[in-house]
Amino acid sequence: MNAEGDRRVIALIDMDCFYVQVEERENPNNKGKPACVVQYRKWKGGGIISVNYEARAAGVTRQMRGDEAREKCPDCILYRVPERRGKADLTKYRDGGKEVIDVMCSFGVCVERASIDEAYIDMTMVIEQTLLGYTATDINVEELPNTHFVGWENGTDDVKGVHGWLKALSKEDCNDNDWKLTLGAVLVEKMRAAIYEKTGFRCSAGIANNKMLAKLACGINKPNKQTVLPFTSVQEFFTTFPLKKVRNLGGKLGLTLREELQCTTMADITRIPEKILQERFDTKTGTWLYWYARGIDHDPVSSRRLPKSIGCNKNFTGLAALDSEDKIGHWLEELCAEVSERLEKDRGTNCRLAKLLTVTVRLEGDIRPYSYTRSLPLHSSYDKTRMAKSCLAVVMKENPCKQGNSKTPWVVTCLGVSASKFVDQLESSSRIDRFFTQSKASKQSTIPNTENEESVDEEPLHRKDELYDLHADQEEEEFGMTEIDNIPTETNASNIIAPESHVGQISDLSKEIFQENKEKSSGASSPCRSREKNENVKKTGFFASRSLKKCVPIPHSSEESIAQSSQVNPVNQTTFSIEEIFPDLNQVDMETLALLPPHLRRQVLQAIQSKQGNEGTDEFVVCDKCKEQFLKEEIGEHNDFHVAAELQKEFSLQPSTSRSSVNNLEGSKVVKNSSKRPLKNQKNATKDTKRSRTIESFFGSSV
Ligand code: DCP
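What counts and how
Counting restarts for each chain, with residues numbered from 1 along the sequence as it is written. The predicted nature of this model means local features are confined to residues of pLDDT at least 70 and side-chain atom pairs, given and counted, to a pLDDT of 80 or more, with totals for whole chains, interfaces and linings taken over all residues. Side-chain metrics in this entry use all non-hydrogen atoms of the structure; hydrogen atoms and water are not considered. Each helix is a run of DSSP H or I of at least 4 residues and each strand a run of E of at least 2, with the numbering of both proceeding from the N terminus. Burial classes: relative accessible area under 20% of the type maximum marks a residue as buried, over 50% as exposed, and values in between as partly exposed (1.4 Å probe, protein chains only). A pair of strands is considered paired only if DSSP assigns at least 2 bridges between the two. Axis definition: a line fit to C-alpha positions, over the contact stretch in the case of helices; interaxial angles, taken between N-to-C directions, run 0 to 180 degrees. Contact definition: two residues touch when any of their heavy atoms are within 4.5 Å. Any pair of Phe, Tyr and Trp rings, taking the six-membered ring for Trp, is counted once the centres come within 6.5 Å. Such a pair is stacked with planes under 30 degrees apart, edge-to-face with planes over 60 apart, and tilted for the rest. Any Lys NZ or Arg CZ found within 6 Å of a ring centre and within 35 degrees of that ring's normal is scored as a charge over the ring. Angle categories are assigned with fixed cut-offs, so that under 35 degrees is roughly parallel, over 145 is roughly antiparallel, 65 to 115 is roughly perpendicular, and the rest are oblique. Left-handed is the label given to a crossing in which the near helix is rotated counterclockwise from the far helix by less than a right angle, and right-handed is the label when the rotation is clockwise. Each reported salt bridge corresponds to a side-chain nitrogen of Lys or Arg within 4 Å of a carboxyl oxygen of Asp or Glu. pLDDT measures how confident the predictor is about each residue, on a scale from 0 to 100. Throughout this description, the term nonpolar core refers to a set of buried Ala, Val, Leu, Ile, Met, Phe, Trp, Tyr and Cys residues connected via side-chain atoms within 4.5 Å.

## What to know about the side chain of R347
Tracing the backbone through its elements, the reader meets R347 in helix α14 (residues 325–350). The buried category is assigned to R347, whose relative accessible area is 17%.

## Structural notes on the sheet that holds strand β11 (residues 226–228)
The strand order β7-β8-β1-β10-β11-β9 describes an open sheet built from 6 strands, whose pairing is mixed. Single-partner strands in this sheet number two, and they are β7 (110–115) and β9 (147–149). On average, each strand axis in the sheet is tilted by 20° relative to the strand beside it, whichever way the strands run. Contacting β1 (10–15), β7 and β8 (118–122), helix α4 (residues 91–105) crosses the sheet at an angle of about 160° to β7.

## Here's the deal with helix α1 (residues 18–26)
Quick reminder: α-helices carry 3.6 residues per turn. Residues three or four places apart thus point the same way. Burial runs high along α1: 7 of the 9 residues are buried. If you check which residues of α1 are buried, you get F18, Y19, V20, Q21, V22, E23 and E24. Buried residues along α1 sit in contact with β1, β2 (35–39), β3 (47–51), β4 (77–80) and α4.

## Some details on the packing of aromatic side chains
Inspection of every chain in the model, using the stated rule, returns 9 aromatic pairs. Taking the centre distance of 5.4 Å and the plane angle of 80° together, the rings of F18 and F201 count as edge-to-face. One end of the pair, F18, is in helix α1; the other, F201, is in the loop between α7 (176–199) and β10 (203–208), with 183 residues separating them in the sequence. A single burial state applies to F18 and to F201, both of which are buried. Look at W152 and W165: their rings are 5.5 Å apart centre to centre, the planes differ by 90°, and that puts the pair in the edge-to-face class. One end of the pair, W152, is in the loop between β9 and α6 (161–169); the other, W165, is in helix α6, with 13 residues separating them in the sequence. Members of the aromatic cluster, each reached through a chain of ring pairs, are F18, Y19, Y93 and F201. Over the ring of F281 we find R280, and its NZ or CZ is 5.2 Å from the ring centre. Note that R294 overlies the ring of Y290, its terminal NZ or CZ placed 3.7 Å from the centroid.

## Let's talk about the packing of helix α8 (residues 211–218) against helix α9 (residues 231–238)
Across the interface, α8 lies against α9 with an axial gap of 12 Å and an inter-helix angle of 65°. Judged by the inter-axis angle, α8 sits roughly perpendicular to α9. For the crossing formed where α8 meets α9, the hand is left-handed. Where α8 abuts α9, its residues M212, L213 and L216 lie against F231, V234, F237 and F238.

## With respect to the pattern of salt bridges
Going through the model one piece at a time under the given rule, you end up with 23 salt bridges. When the shortest N-O distance is used, the salt bridge between K222 and D16 registers 3.4 Å. Placement of the pair is K222 in the loop between α8 and β11 and D16 in the loop between β1 and α1, with a sequence separation of 206 residues. Using a relative accessible area of 25% as the deciding quantity, one classes K222 as partly exposed. Given the relative accessible area of 2%, D16 is considered buried. Among the charged side chains, a network of salt bridges with common partners joins E112, K211, R247 and D299.

## Looking at the confidence of the model for the protein
When pLDDT is averaged across the protein, the result is 72; 62% of the residues are at 70 or more. Per-residue pLDDT stays below 50 along residues 515–576; that stretch engages in 175 contacts with residues further than four places along the chain or on separate chains. A low-confidence stretch, residues 655–703 stays under pLDDT 50, and its non-local contacts, those more than four residues away or across chains, total 66 contacts.

## Examining the side chain of N177
Looking at the secondary structure, you find N177 in helix α7. Not counting residues up to four positions away in its chain, the partners in contact with N177 are R7, N209 and F231.

## Concerning the nonpolar core
In summary, soluble globular proteins display a tendency toward joint burial of nonpolar side chains. With 56 residues, the main nonpolar core has I13, M104, V109, I121, M123 and I207 as its most contacted residues. Examining the composition of this core, we find that 10 residues originate from one element, α7, more than from any other. With residues up to four places along the chain from it excluded, the contact list for M123 reads V9, I10, A11, V109, G184, L187, V188 and I207. Counting 38 residues, the second-largest nonpolar core is a separate cluster that includes I10, L253, Y292 and A293.

## Things to note about the environment of K421
The residue K421 is located in strand β16 (residues 412–424) in this model. What makes K421 partly exposed here is its relative accessible area of 27%. For the pair formed by K421 and K355, sequence separation is 66 residues and the distance between their alpha carbons is 5.3 Å.

## Digging into the sheet that holds β2
Spatially, β3-β2-β4 is the arrangement adopted by the 3 strands of the open sheet, whose pairing is mixed. In the strand order of this sheet, the two ends are held by β3 and β4, each with one partner. For this sheet, the mean inter-axis angle between neighbouring strands, taken without regard to orientation, is 35°.

Below you can see the structure in the form of structure tokens.
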């Protein structure tokens, strides 16, 4: 990795005061007047979630409530978010966001929707393949009417400002990268104009060589402006730029850098040697940070127009906190009803099915609040009652009062329900068909090896790089903006694959924009990567430990919920009935089945087999030692168990070995949690017992 490595042309387009703009479009007479969008009338005029620039000029901020805004600015119009089922209904804002994305996509660029009102765009292909015949003299200042160049501000003469920039660009030794960014800026001007023309919404943009730089450039000049951050200006810019405002550094990682390593600006990080960063965090995170502080970010723009998850959550603060099963059940019904409705709509529009349902609970803890998530397979019927019942069962199983882990009453302060792990609807049904056909004909199984899918990422309750506060209830559409989503590495950066839809498909519109296209460059590297390729990127290093720390301080009791961490599920004993996951074994959803760990999958397949009287699929193999049936993918580890058991027998024949430890291992299914420690006062015996326990605990998950 090096500072010269990345020459992509990336933009971040962010709508200005988006919710207010949506309201203003409905009320055109109010345009130009100070206005805010608030949620909930009840207390002090409601919490402000969006403020237009007229109101900002009068001193109104998002931290205020409606009443305070009126005190500051008596003319301020307060729009209220519509409510449905007792909570915010964000449908019209979400739909407005989709309109904008459609316009962006019509330009033939790679678009990654990052939140309800912003998207990353990779223009590298368009710029390299279509536009390279240009020279700086082909670009007029008028083509960059709202553009700023960092390092070239304050001026309209030939030295600074856009004039000065273009003049410098026309010199023979001009930097090729600066030239591409400028062409990118011209394209983004056109896009923003098209967005305004087609939707009536104004937006701002940042243009740079990567997502991190584009995002921070976008915030420099707002509203209705765009900013180019040339790579040559980055180091200077970083000397004063607060790191907490940088994408990915707004959360705990940034806090550690600030509080422990005394870094306040990005430039401060560059003073720390890579080795120290690696030691403090881990090798991968340390290296990533080292380059990040130098303006390098290989995170690809992943073609994605649809959200990764569909969900909603609701806060219950103060007296509204939920302290009974009835209240929790009622709100889970409301949340599931909304999620179910949106999932149906999503299925109709996007032909995809969600396979996983995640419920998030925040509790008032004994000492401090804490939250946990549990995930369940989601049935394609999207039955809201069934969804709510399953969620309630999972939530009640975790009740710490029931488990005797808490002295104080159980009080829920936030509930969230979210559906994710989408699969193509057609593909999903054809997979099921294939499975049953092949099962009958005893052919090779088509169930994919889904070990990677066993783990379920924790879904955050908030979005947008932890900059959001939680005063608002959210209809959550997770677009993948969490810190844990991707830790870019050299490997994933160099493996960038262009999605088919973008290879060689530069839209006519983009071509028309630059009419004097003289020659096309060839062999351009593919700039964007399909998100699907990225879905299974695991949390590692600092981010992984962070997210794991965040979840589940209370012990597991629910086997029904699939493990919520990225660790391998260590439990092989089914303490729940299979019917709880699949009430009808004649209609097992294979996509859901594929999400289960192998030993659970095996048990479900065995249950289907015995119910239907089938001979079974080629999935199974019989162990020739114990004659038990296992999935093919389990048998390797199971054989190892027998080998280890043999070894253990040999140890037991040695004089110092405790025979009972051998018995323990042989019968490890039964004594897995036995606390008996034979010969515990003898040194050797203790050693052997330890060894035995190690092997036991390893094989406990596979036998
Ligand atoms: N939003 C929300 N809750 C918050 C913050 C924002 O529901 N705590 C909503 C309202 C915003 C929209 O998300 O209009 C986009 O958020 P931004 O942070 O992009 O803010 P705005 O678009 O309102 O303003 P800006 O012009 O600063 O981007």
